[in-house]
Amino acid sequence: MADAGCVAVWGARLPGVILLSNFQISATLAEPERFSGLEMGLLVACVMAAGGLFFWRFAPILNRILHSKKDADFSLRPVGRRVWEFVWEVLCQAKVIRQRPLPGVAHAFVFWGFLAFALVSLNHFATGVELGFLTPDGVVGRFYFVFAGVWALLVAVSIAGLFVRRFFVRPVWLGEKVSYESGLIALLIFALMVTYLAAFFVEPGGVAVKALWWTHTLALLVFLPLIPHTKHLHLVLSPLTVFLKRDGFSKIPPLSGDEDFGLVAGKDITQLISLQAYSCVECGRCTEHCPASTTGKVLNPKEIILGMRSYLNEFGPASEMALLSEARVESPDNPPNRYMSMEAAFECTTCGSCEYQCPVGIQHLPIIVGLRRGATNTGAWEDTYGTKLFLALEKNGNALGLSAMERDKFVTKQGLPIFDGSQEYCLWLGCMGGYDPKGREIIADFARVMSYLGTTFGVLKKEKCTGDPARRLGNDLVFQTMAEYGLKALEAAKVQKIVAICPHCVRTISNDWREYGIAPEIEHHSEFMARYKDRLPKQVAAAGESIVYHDPCYLGRYRDVYEEPREIVALAGTLVEAERSHERSFCCGAGGGLAFLGEESGERVSHVRAKELMETGAQTIGTACPFCNTMFRDAVSAVGGGQVQPQLLDIAQLTARALPDVKG
């Protein structure tokens, strides 16, 4: 829900005076004098005008949402999960508070104040036409007016604090643009609370009560038409956005037919995307945590969403104008949208931090990947490294572009058994485990761990990339080829369980392949080892070794696996935490296919993260993803300079150090 507290706007019937005497509090609620016919007529006219202006400004927005393309795979099921997320994220404001505690609590007070004021606001307008249903003489009315007064005080303090934060403190992620309409709305909310509270301290009857009543009423009525064209539109839309958002974290929707290439033009924007675009509260949480944005690159996930909104406002959902085209209708007030550029779309690491942080249910990654799809599938994106990657996947079946014979040599040299259907697990090597030298070391050590535990396993005789980099970069044809090959290979080998060292492989096989078939059960090697942690040796001699663990994005935010790898690290030494860890962990920079594209601008993401990890003073950096390991390999050397550099080891390597030599 909102940044500035939005909604305690429903006002209330104004009470009269609270007399304090000998510390005794008695509430005497003053009724406004009887309204004349002229006043009642004026009130009705004002309400109709405010309501009419609201719908006049809101109707085009609603029309754009409803006339957007339908989401082909949308389903309300499971309803129970949607209801729970609505209660937790909207009514309880849990995400708002958890991710930014102080402003989050202030915002929550404003929201809860809205709920508390809903009843008295209805009564407020009913009183104006002599139909009031809450009276200060009744026990219920007396209690409720005082109850609302407590919330009025909380809302007034909170909205004042949020106003100061947005317009004076101005954290950098809020952006340079100042929304004066948002400031006006904050002042109106404050005025609503002040006029409500002031009525406790005026004499019953007379001009003062009537003046406060009308001031309160006009503040409410001015507020209403301002909502549709400000960030406060989320008051109306965000509860729907949270309830209707796509099932699953960062779920990439399937294309709907041969003519669907992704987000190419306005006609490809779906209803969920439109709804989310208009729900953005511009709080900047996504910007604050985006690795691309915080390292000086063009991409700003907030501006991607706002750019989508601007496009809809300018061209509408039926437009053929390219979404990533710079050829927009320009004017002094409408410059080209650099944030919807090709460059911005392909700087995303798909770490999921933006989507995890968003308090109003916006799912950035399906939108960004959708833009990439549109550019890649239509040939609009031209990139030397991207072309080389796709050709490598098509020709060699792996992202590194090496011959499959190199994998065969490694399997033979390491003595890894071939999966024949009799073993419990298929050990999935992946591109990094089968071809990268350091990735091979991780595979070798994890194989030792499996053998030590007495687990039977084997590797596929022929294995190709899961298609993860092609999927994230928007090449659906290459991804489909990889997925279909992998599914057939697993089926032919009669695989029942898979374990992999790469979180990207785990995510792609378990989720993304579902468009083409259901793969066998797969788990990450951290989950596997944690299940057998009581049978793994604790390295007593290394108890003094400090190890900082880096949470891989595709294992943490994507799979919600945080404690299992830490349990393994704790067996190898003393676990220490980086400043940003668990759900807030900072990306290594490899995701979204960027490991194969490189970074062209700004500070390197891997260097920023490596510096954070090294600042803990840990002797060892523990990883659980071969991509993270690869990215930090050079970053540690670059950041460390002449200092003593920490070891860089995967959790499988940390575990294998204490194992006796066992032949599988």
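Quantities reported herein were computed from a predicted structural model and do not represent experimental measurements.

Calculation criteria
Residues numbered from 1 in each chain as written. Predicted model: local features only at pLDDT ≥ 70, side-chain atom pairs only at ≥ 80, totals over all residues. Heavy atoms only, no water. Pairing = 2+ DSSP bridges. Helix = DSSP H or I, 4+ residues; strand = E, 2+ residues; numbered from the N terminus. Axes fitted to C-alpha atoms, helices over the stretch in contact; angles between N-to-C directions. Contact = heavy atoms within 4.5 Å. Phe/Tyr/Trp six-rings, centres within 6.5 Å; stacked < 30°, edge-to-face > 60°. Buried < 20%, exposed > 50% of the residue type's maximum accessible area, 1.4 Å probe, protein only. Lys NZ or Arg CZ within 6 Å of the ring centre and 35° of its normal. Right-handed = clockwise from strand over helix to strand, strands pointing away. Domains from an automatic or database assignment. Salt bridge = Lys/Arg side-chain N within 4 Å of Asp/Glu carboxyl O.

J.: Help me out: how do you make sense of the sheet that holds strand 10 (residues 647-650) in this one?
T.: What holds strands together in a sheet is hydrogen bonding between their backbones, with the strands either parallel or antiparallel. Taken in spatial order, the 4 strands line up as 8-7-9-10 in an open sheet, and their pairing is parallel. One side of each edge strand has no neighbouring strand; the edge strands of this open sheet are strand 8 (574-576) and strand 10. Strand after strand, the sheet turns through a mean of 35 degrees between neighbouring axes, direction not considered. Of the strand pairs in this sheet, strand 9 (residues 620-623) and strand 10 are connected by 4 bridges, and their pairing is parallel. Counterpart to isoleucine 621 in the pairing with strand 10 is leucine 648. Along the sheet, helix 26 (residues 626-640) makes contact with strand 9 and strand 10, crossing strand 10 at roughly 175 degrees.

J.: It is not clear to me how the packing of aromatic side chains should be interpreted in this structure. Could you clarify?
T.: Centre-to-centre distance and the angle between the planes together describe a pair of aromatic rings. Taken as a whole and assessed by the stated rule, the structure comprises 24 aromatic pairs. Ring geometry for tyrosine 425 against phenylalanine 528: centres 5.3 Å apart, planes inclined by 90 degrees, an arrangement best described as edge-to-face. In this pair, tyrosine 425 sits in strand 3 (residues 425-428) while phenylalanine 528 sits in helix 23 (residues 525-531), placing the two residues 103 residues apart along the sequence. A single burial state applies to tyrosine 425 and to phenylalanine 528, both of which are buried. Taking 6.0 Å as the distance between ring centres and 90 degrees as the angle between the ring planes, the aromatic pair formed by phenylalanine 596 and phenylalanine 627 counts as edge-to-face. Residue phenylalanine 596 is located in the loop between strand 8 and helix 25 (605-614), and its partner phenylalanine 627 is located in helix 26; the two are separated by 31 residues in the primary sequence. The rings of Tyr425, Phe446, Phe528 and Tyr532 are connected pair by pair, giving a single aromatic cluster. The residue whose ring lies beneath lysine 464 is tyrosine 485, and the NZ or CZ to ring-centre distance is 4.5 Å.

J.: How should I be thinking about the pairing of strand 6 (residues 521-524) in this particular structure?
T.: Each regular strand carries side chains that alternate between the two faces of the sheet. As paired strands, strand 5 (residues 497-500) and strand 6 are joined by 4 bridges and run parallel to one another. Residue pairing across strands places valine 499 opposite glutamate 523, the latter belonging to strand 6. Crossover strand 5 to strand 6 through helix 22 (residues 503-510) is right-handed.

J.: It is not clear to me how the domain arrangement of the protein should be interpreted in this structure. Could you clarify?
T.: A common way to report how large an interface is uses the accessible area buried once the components associate. As assigned here, the protein comprises domain 1 (2-242), domain 2 (248-376), domain 3 (398-531) and domain 4 (538-656). Relative placement of domain 1 and domain 3: their C-alpha centres are 55 Å apart.

J.: Which parts of the structure should I look at to understand the pattern of salt bridges?
T.: It is possible for side chains bearing opposite charge to pair when their charged atoms get close. Tallied over the entire structure, the rule returns 34 salt bridges. The residue aspartate 73 makes a salt bridge to arginine 246 at a minimum N-O spacing of 2.8 Å. Separated by 173 residues along the polypeptide, aspartate 73 in the loop between helix 1 (37-66) and helix 2 (79-91) and arginine 246 in the loop between helix 8 (234-244) and helix 9 (271-279) bring together distant segments of the chain. A relative accessible area of 27% means that aspartate 73 is categorised as partly exposed. You can call arginine 246 buried: its relative accessible area is 10%. Between aspartate 512 and arginine 472 there is a salt bridge whose closest N-O contact spans 2.8 Å. Within this pair, whereas aspartate 512 is found in the loop between helix 22 and strand 6, its partner arginine 472 is found in helix 20 (residues 468-473), the two being separated by 40 residues in sequence. Of the residues examined, aspartate 512 reaches a relative accessible area of 4% and is grouped as buried. Of the residues examined, arginine 472 reaches a relative accessible area of 1% and is grouped as buried. Via salt bridges that share partners, Arg373, Asp468, Arg471, Arg472, Asp476, Arg507, Asp512 and Glu515 belong to a single interconnected network.

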